[in-house]
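Coordinate analysis (summary)
One-letter residues, chain by chain:
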Amino acid sequence: SQQGEEDPQALSIQEGENATMNCSYKTSINNLQWYRQNSGRGLVHLILIRSNEREKHSGRLRVTLDTSKKSSSLLITASRAADTASYFCATDGSGGGNKLTFGTGTQLKVEL
Amino acid sequence: DTAVSQTPKYLVTQMGNDKSIKCEQNLGHDTMYWYKQDSKKFLKIMFSYNNKELIINETVPNRFSPKSPDKAHLNLHINSLELGDSAVYFCASSHHGTADRAGYTFGSGTRLTVV
């Protein structure tokens, strides 16, 4: 069954605004990762947060993780038109096997 | 140089045919994967190989057979193609284990259309 549910399914903002995407999952994890997928392309790894971490930053990206609520959020600050893409969370379960289970994705559109 | 390359990029074929998709990575990773992305962008793992050994085999029809001749290559052969096999198939690779912060590296995908 699908591990992650993302919210919202689609998000449209103006350039310069912040974009927040949320991810909820069901089972315990080793880490949670966020990926970006541009239309017609493969997925690109953005950031990884371990289960014992609460917040990570990378450039304009900020990720939080709340293992008690089994949820994570991805914040993109000062968005640009080039950020337009689908964003997926993925969980690496504590059951082992190095298997990433992907969420349903959030489609972000940044308008000029 | 492309880190994870898969061929072909597009594949259009008739029902009942047999086809193969090839994948190669030059990152020195020891684990490779096949994922299927459907029309709703839902990504589901199919197979995973670590050093040529099958470690993940999800509930996939046995018409799908992966083959890993060495740890840099993972091919996917599909027999008796069906309409429902139409999807984008992604190859990916990673270092095994959870300590690596680089995550997976994905290929650009193979769009398979069965007519």
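Check the entry above for the structure.
Residues numbered from 1 in each chain as written. Chains lettered and ligands numbered in written order. Predicted model: local features only at pLDDT ≥ 70, side-chain atom pairs only at ≥ 80, totals over all residues. Heavy atoms only, no water.

Applying the stated criterion across every chain yields a total of 2 disulfides over all chains. A sulfur-sulfur separation of 2.0 Å characterises the disulfide bridge that pairs Cys23(A) with Cys89(A). One disulfide, between Cys23(A) and Cys89(A), carries an S-S torsion of 65° and so falls in the right-handed class. Residue Cys23(A) is located in strand β3 (residues 19-24), and its partner Cys89(A) is located in strand β9 (residues 85-93); the two are separated by 66 residues in the primary sequence. The class for Cys89(A) is buried, based on a relative accessible area of 1%. At a sulfur-sulfur separation of 1.9 Å, the disulfide partner of Cys23(B) is Cys91(B). Around the S-S axis, the bridge from Cys23(B) to Cys91(B) shows a dihedral of about -80° and counts as left-handed. Of this pair, Cys23(B) sits in strand β3 (residues 19-25) while Cys91(B) sits in strand β9 (residues 87-94); the two residues are 68 residues apart in sequence, bridging distant segments of the chain. Per residue, the accessibility class of Cys23(B) equals that of Cys91(B), and both read buried. (Disulfide = S-S within 2.5 Å. Helix = DSSP H or I, 4+ residues; strand = E, 2+ residues; numbered from the N terminus. Buried < 20%, exposed > 50% of the residue type's maximum accessible area, 1.4 Å probe, protein only.)

Taken together, the 27 residues of chain B in the interface contact 24 residues of chain A. Across the interface of chain B and chain A, roughly 2000 Å² is buried in total on both sides, 48% from carbon and sulfur atoms. The tally of links from chain B across to chain A stands at 1 salt bridge. Of the charged contacts, one joins Lys99(A) and Glu58(B) as a salt bridge, the two residues approaching to 3.4 Å between their closest N and O atoms. (Contact = heavy atoms within 4.5 Å. Buried area = accessible area lost by both parts, 1.4 Å probe. Salt bridge = Lys/Arg side-chain N within 4 Å of Asp/Glu carboxyl O.)

Moving on: the side chain of Gln25(B). Residues and elements named next belong to chain B. By secondary structure assignment, the location of Gln25 is in strand β3. One polar contact links the side chain of Gln25 to the main-chain carbonyl oxygen of His29, over a distance of 2.8 Å. Looking at Gln25, its side chain comes within polar contact range of the main-chain oxygen of Lys71, at 3.1 Å. Beyond its immediate sequence surroundings of up to four residues, Gln25 is in contact with Ala3, Val4, Met32, Lys71, Ala72 and Ser93. (Polar contact = N/O pair within 3.5 Å; in protein donor to acceptor, adjacent residues only side chain to side chain.)

Residues and elements named next belong to chain A. Buried residues dominate β9, accounting for 9 of its 9 residues. Residues Ala85, Tyr87, Cys89, Thr91 and Gly93 point to one face of β9 and Ser86, Phe88, Ala90 and Asp92 to the other, with burial holding for every one of them. The pairing of strand β4 (residues 29-37) with β9 spans 8 bridges and is antiparallel. Counted as the bridge partner of Ile29 is Gly93 from β9. Of the strand pairs in this sheet, β9 and strand β10 (residues 100-102) are connected by 3 bridges, and their pairing is antiparallel. Each bridged residue has a counterpart across the sheet, and for Asp92 the counterpart in β10 is Leu100. (Pairing = 2+ DSSP bridges.)

On to the packing of aromatic side chains. The full count for this structure, using the stated rule, is 11 aromatic pairs over all chains. Geometrically, the ring pair formed by Tyr35(A) and Phe106(B) is edge-to-face, given 5.8 Å between the ring centres and 85° between the ring planes. Note that Tyr35(A) is positioned in strand β4 and Phe106(B) in strand β10 (residues 105-106), a pairing that runs across two chains. Considered together, Tyr35(A) and Phe106(B) belong to a single accessibility category, that of buried residues. With a centroid separation of 4.1 Å and 20° between ring planes, the pair formed by Tyr33(B) and Tyr104(B) is classed as stacked. Of this pair, Tyr33(B) sits in strand β4 (residues 31-37) while Tyr104(B) sits in the loop between β9 and β10; the two residues are 71 residues apart in sequence, bridging distant segments of the chain. Across the pair, exposure class does not vary: Tyr33(B) and Tyr104(B) are buried alike. (Phe/Tyr/Trp six-rings, centres within 6.5 Å; stacked < 30°, edge-to-face > 60°.)

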